[in-house]
Amino acid sequence: MEHFDIVVIGAGFSGAVMAERFASQMNKTVLVLEQRPHVAGNCYDYRNEAGILVHHYGPHLFHTSKQQVWDYLSQFTQWTPYEHKVLGSVDGKLIPIPFNLNSLAVLYAKEQAEKIEALLISTYGFDTKVPILELRKSAEPLLQELAEFVYQKVFVNYTAKQWGCSPEDISPTVTARVPVVISRDDRYFHDTYQAIPSAGYTSLITKMLSHKNITVKTSVEAKSFIRLEPQSKSVLFAGEVFKGQVVFTGMLDQLFDYVDGELPYRSLQFDFQTLEQSQFQPATTVNYPNEHAFTRITEFKHILKVNSNRTTIVKEYPQGYDRHHESKNVPYYPVFNDENQRKFEVYKKLVKQFPNIISTGRLAEYKYYNMDDAVANALATFEKQVKPNYSNMGKLNVS
Ligand code: UDP
């Protein structure tokens, strides 16, 4: 019989941070339950038959300006510097995405491009970022025209595929992730730190979980262990009340058996291909807003360089999430808008009634977190919710 102080559900970034903190900072024993056959959540990567490190659940490019996150993760990995670049296929040309002054120069005649550029700089300033939905509000006819062009050619169809709706029907923060950039900086991100874990994300998360106090069980459906007792607001493990801390990083609607309905998510299908050629495309990612059913193609070789005369690419096909359908049941993105936020708040209230459950992460908080946000939030949750309140809680017995 093993005894655990803490049970963490989910072995992605959020679960790994919480497990690591409890183990290393509080000397607690931690059981991590992961439903997939591997750790690392959606960051899971592995070397394929061509020797290329591929991201099984789509491209993950680490970037952060949060010093604390960078310092924290650097305890567990070496980094390979990498600045992400994305091109977009528009009118038969490849332009830098986010749309910037270089994109303008590719698509417009020289004189017109210079006129628009001067206007953009005098209106918003050089080296600034303007979300497309903001640019569309410009009163200046020439900027209105540009906004309409970028909106139609870059955003409308991509967003329709990705989210199943128009840019106005999701939170404006979603399209603002990829603003119009008034500079010639072609990088996708502008954060202080941009790098890939040199041995990959799986290796990084495995290292975080390798503390002697942590036990990881993969291919375990947490719901087969856990039961929530609505009357007493307690958590039962294998029928016994567990008095320790439970960290939940999965979907709250699932945890509560959908009592208040399902929260909407978007899913993806990936089409991986390994090709007998040394390079497929000129950048890591090429977006295809308009001409295909997929949104983008990523070529992994550009991320961590590898000498091979083969290359692996992945095409992403967005789709609705359906928990009953085997090829649609991975919830990649919460669908972030006001209505869904209200639905989520109901579950958030429910989980708060259980004093020994802490919920954190992209799924459990129903937020469009980047990897660094997930790490930052887990670290903050530990500092604010765990450390001050931690009293002697019971242990979980697992035979
Ligand atoms: N987007 C778009 N066209 C593009 C790139 C992004 O319309 O060429 C919009 C789209 O709605 C997308 C959002 O901006 O979902 C955020 O893009 P990001 O690249 O951050 O998405 P992620 O990599 O998280 O899937």
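As a reminder, the structure under discussion sits directly above these lines.
Residues numbered from 1 in each chain as written. Predicted model: local features only at pLDDT ≥ 70, side-chain atom pairs only at ≥ 80, totals over all residues. Heavy atoms only, no water.

## Regarding the overall build of the protein
Okay, step 1: When helices and strands are tallied, the protein shows 11 helices and 24 strands.
Okay, step 2: Compactness check: the protein gives a C-alpha radius of gyration of 23 Å against a globular reference of 21 Å for 399 residues, within 12% of the reference.
Okay, step 3: Based on the C-alpha atoms only, the size of the protein along its principal axes is roughly 75 × 50 × 40 Å.
Okay, step 4: Counting across all 399 residues of the protein, residues that qualify as buried make up 55%.
Okay, step 5: As displayed, the protein has an accessible area near 17,800 Å², and 49% of this comes from carbon and sulfur atoms. (Helix = DSSP H or I, 4+ residues; strand = E, 2+ residues; numbered from the N terminus. Rg over C-alpha atoms; globule rule 2.2 N^0.38 Å. Buried < 20%, exposed > 50% of the residue type's maximum accessible area, 1.4 Å probe, protein only. Areas by Shrake-Rupley, 256 points an atom, 1.4 Å probe, with all protein chains shown as cover.)

## With respect to the pairing of strand β21 (residues 311-320)
Okay, step 1: Burial of β21 is extensive: eight of the 10 residues sit out of reach of the surface.
Okay, step 2: Sheet topology places strand β20 (residues 296-299) next to β21; four bridges connect them, and they run antiparallel. Residue pairing across strands places Ile297 opposite Lys315, the latter belonging to β21. (Pairing = 2+ DSSP bridges.)

## Topic: the site of the ligand
Okay, step 1: Around the ligand there are 14 residues in total, and Trp163, Arg177, Tyr188, Tyr333 and Tyr368 lie nearest to it.
Okay, step 2: Contact between the ligand and Trp163: an oxygen atom at 2.8 Å from a side-chain N or O atom of the residue.
Okay, step 3: Separating an oxygen atom of the ligand from a side-chain N or O atom of Tyr188 is a distance of 2.4 Å.
Okay, step 4: Expressed as a share of its isolated accessible area of 520 Å², the protein-covered part of the ligand is 93%.
Okay, step 5: Here the shell around the ligand takes six residues from helix α6 (residues 141-163), the largest share from any one element.
Okay, step 6: Taken together, the residues of the shell around the ligand break down into nine nonpolar, three polar and two charged. (Near = heavy atom within 4 Å. Polar contact = N/O pair within 3.5 Å; in protein donor to acceptor, adjacent residues only side chain to side chain. Nonpolar A, V, L, I, M, F, W, Y, C, P; charged D, E, K, R; others polar.)

## Some remarks on the nonpolar core
Okay, step 1: In terms of nonpolar packing, the biggest core is built from 124 residues, with Phe13 and Leu73 touching the most fellow members.
Okay, step 2: The element that contributes the greatest number of residues to this core is α6, accounting for 10 residues.
Okay, step 3: Not counting the four nearest positions on each side in its chain, Leu73 is found in contact with Phe13, Phe62, Trp79, Leu204, Met208 and Val375.
Okay, step 4: In this structure, Ala283, Val286, Tyr288 and Phe294 belong to the second largest nonpolar core, which totals eight residues. (Core = buried A, V, L, I, M, F, W, Y, C linked by side-chain atoms within 4.5 Å. Contact = heavy atoms within 4.5 Å.)

## Topic: the packing of helix α4 (residues 110-124) against α6
Relative orientation and spacing of two packed helices are given, respectively, by the angle between their axes and the distance between those axes.
Okay, step 1: Two elements in contact, α4 and α6, have axes whose closest approach is 10 Å; the angle formed by their N-to-C orientations is 105°. By the criterion of interaxial angle, the relationship of α4 to α6 is roughly perpendicular. The segment α4 lies against α6, with Gln112, Lys115, Ile116, Leu119, Leu120, Thr123 and Tyr124 engaging Leu142, Leu143, Glu145 and Leu146.
Okay, step 2: Of the residues contributing to the contact of α4 with α6, the split by class is seven nonpolar, two polar and two charged. (Axes fitted to C-alpha atoms, helices over the stretch in contact; angles between N-to-C directions. Parallel < 35°, antiparallel > 145°, perpendicular 65-115°, else oblique.)

## Examining the pattern of salt bridges
Okay, step 1: Following the criterion strictly, the structure yields 18 salt bridges and no others.
Okay, step 2: Of the charged contacts in the structure, one is a salt bridge between Asp91 and Lys153, with a shortest N-O distance of 2.8 Å. Placement of Asp91 in the loop between β8 (86-90) and β9 (93-97) and of Lys153 in helix α6 is noted, with a sequence separation of 62 residues between them.
Okay, step 3: Among the residues examined, Asp91 registers a relative accessible area of 49% and is labelled partly exposed.
Okay, step 4: For the salt bridge of Glu339 with Lys343, the shortest nitrogen-to-oxygen distance reads 3.9 Å. Separated by four residues within a single helix, Glu339 and Lys343 lie in helix α10 (residues 338-352), roughly one turn from each other. (Salt bridge = Lys/Arg side-chain N within 4 Å of Asp/Glu carboxyl O.)

## Concerning helix α11 (residues 371-386)
Okay, step 1: A rise of 1.5 Å per residue sets the reference length of α11, with its 16 residues, at 22 Å; its end C-alpha atoms lie 21 Å apart and thus fit the reference within 8%.
Okay, step 2: Taken together, the buried positions of α11 are occupied by Met371, Asp372, Asp373, Ala374, Val375, Ala376, Ala378, Leu379, Thr381, Phe382 and Val386. (Expected span 1.5 Å × (residues − 1).)

## Some details on unusual backbone geometry
Okay, step 1: With an omega of 0°, the peptide bond running from Ile97 to Pro98 counts as cis.
Okay, step 2: Here Ala40, not a glycine, exhibits a phi torsion of approximately 90°, which is positive.
Okay, step 3: Tracing the backbone through its elements, the reader meets Ala40 in the loop between β3 (30-33) and β4 (45-47).

## Details of helix α2 (residues 67-74)
Okay, step 1: Turning to α2, its buried residues are Val69, Trp70, Tyr72 and Leu73. Mapping the buried residues of α2 onto a view down its axis gives an arc of 165°, with all of them on the same face.
Okay, step 2: Turning to α2, the residues buried within the fold contact α1 (13-26), β6 (63-64), β7 (79-81), β12 (193-197), α8 (201-208) and α11. (Arc of directions from axis to C-beta.)

## Section: the packing of α1 against α8
Okay, step 1: Across the interface, α1 lies against α8 with an axial gap of 9 Å and an inter-helix angle of 25°. Between α1 and α8, the interaxial angle falls into the category roughly parallel. Every pair of crossing elements has a handedness; the one defined by α1 and α8 is left-handed. Contacts between α1 and α8 pair Phe13, Ala16, Val17 and Glu20 from the former with Tyr201, Leu204, Ile205 and Met208 from the latter. (Left-handed = near helix turned anticlockwise from the far one by under 90°.)

## Description of the packing of aromatic side chains
Okay, step 1: All told, the structure shown has 26 aromatic pairs when counted by the stated rule.
Okay, step 2: A network of ring pairs unites the aromatic residues Tyr44, Tyr46, Tyr57, Phe270, Phe272, Phe300 and Tyr332 as a single cluster.
Okay, step 3: Above the plane of the ring of Tyr368 lies Arg177, whose end atom (NZ or CZ) is 3.8 Å from the centre. (Phe/Tyr/Trp six-rings, centres within 6.5 Å; stacked < 30°, edge-to-face > 60°. Lys NZ or Arg CZ within 6 Å of the ring centre and 35° of its normal.)

## Regarding the sheet that holds β3
Okay, step 1: Taking strand neighbours across the sheet as the criterion, the five strands line up as β13-β3-β2-β17-β23 in an open arrangement whose pairing is parallel. Edge positions in the sheet fall to β13 (214-217) and β23 (357-359), since each of these pairs with one other strand and no more. For this sheet, the mean inter-axis angle between neighbouring strands, taken without regard to orientation, is 20°.
Okay, step 2: When strand β17 (residues 245-248) meets β23, the two strands line up parallel, connected through three bridges. Each residue of the ladder has a partner; that of Val247, found in β23, is Ile358.

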